[in-house]
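# Survey of secondary and tertiary structure
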Amino acid sequence: MQITVNGTATEVQAQTLAGALDELGYRDAKVATAVNESFVPATARDAPLSPGDRIEIVAPRQGG
């Protein structure tokens, strides 16, 4: 399915946000996620994705 991840068109086989995160290499990463500009908590990432969804993945950064 064609989705957009952090502004880049991406093809994934996954049908859920959790599956897409695994497929994209974020399996064990602590990240914040949003789908179509709506925050998705880690506990709700099993919700289905649809073609054309826009996903944002943000990793926390340290430093200052």
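In what follows, the structure referred to is the one given above.
Residues numbered from 1 in each chain as written. Predicted model: local features only at pLDDT ≥ 70, side-chain atom pairs only at ≥ 80, totals over all residues. Heavy atoms only, no water.

## A word on the overall build of the protein chain
Threshold: The way it works is that DSSP assigns letters per residue, a run of H or I at least four long becomes a helix, a run of E at least two long becomes a strand, and they are numbered from the N terminus. When we talk radius of gyration, it's over C-alpha atoms, and the globule rule is simply 2.2 Å times the number of residues to the 0.38.
Scanning the protein chain from terminus to terminus reveals 1 helix and 5 strands. In the protein chain, the succession of helices and strands from N to C terminus is β-β-α-β-β-β. Taking 11 Å as the expected radius of gyration for a compact globule of 64 residues, we find that the protein chain reaches 11 Å, a close match to that expectation. Reported as C-alpha extents along the three principal axes, the dimensions of the protein chain are approximately 40 × 25 × 20 Å.

## So, the side chain of T33
What counts, and what does not: As used in this structure description, the phrase polar contact means that two N or O atoms lie within 3.5 Å; if the pair is within protein, one of them must be able to donate a hydrogen and the other to accept it, and residues adjacent in sequence are counted only when both atoms belong to side chains. In what follows, residue pairs with any heavy atoms lying within 4.5 Å of each other are defined as contacts.
Tracing the backbone shows T33 in strand β3 (residues 32–35). For T33, the side chain forms a polar contact with the main-chain oxygen of V40, separated by 2.8 Å. Here the side chain of T33 touches R45 through a polar contact of 3.1 Å, side chain to side chain. Setting aside residues up to four positions removed in sequence, T33 forms contacts with L17, L21, S38, F39, V40, R45 and E56.

## Here's the deal with the sheet that holds strand β2 (residues 8–11)
Put simply, the rule reads: Pairing between two strands requires that DSSP report at least two bridges joining them. Angles shown run from 0 to 180 degrees and are taken between the N-to-C directions of axes, each axis being a line fitted to C-alpha atoms and, for helices, limited to the stretch in contact.
Reading across from one edge, β2-β1-β5-β3-β4 is the order of the 5 strands in this open sheet, with mixed pairing throughout. Among the strands making up the open sheet, the edge pair consists of β2 and β4 (38–40). The sheet shows a mean angle of 35° between the axes of neighbouring strands, taken without regard to direction. Bridge count for β3 against β4 is 3 bridges, and the pairing is antiparallel. Directly across from A34, in β4, lies its bridge partner F39.

## Topic: the environment of R61
To keep it simple, the criterion reads: Accessibility here uses a 1.4 Å probe with only protein chains present; expressed as a share of the type maximum, an area under 20% marks a residue as buried, one over 50% as exposed, and anything in between as partly exposed.
Within the fold, R61 resides in the segment after β5 (54–58). With relative accessibility at 80%, the residue R61 sits in the exposed group. Each C-alpha atom, one on R61 and one on I3, is 25 Å from the other, the two residues being 58 residues apart in sequence.

## Remarks on the pattern of salt bridges
As a working rule, side chains carrying opposite charge can pair if their charged atoms are close by. What counts here: Whenever a carboxyl oxygen of Asp or Glu lies within 4 Å of a side-chain nitrogen of Lys or Arg, that contact is scored as a salt bridge.
Applying the stated criterion to the full structure yields 2 salt bridges. Of the charged contacts in the structure, one is a salt bridge between R27 and D22, with a shortest N-O distance of 3.9 Å. Notably, a salt bridge pairs E37 with R54, separated by 2.7 Å at the nearest N-O pair. With E37 in the loop between β3 and β4 and R54 in strand β5, this residue pair connects regions lying 17 residues apart in the sequence.

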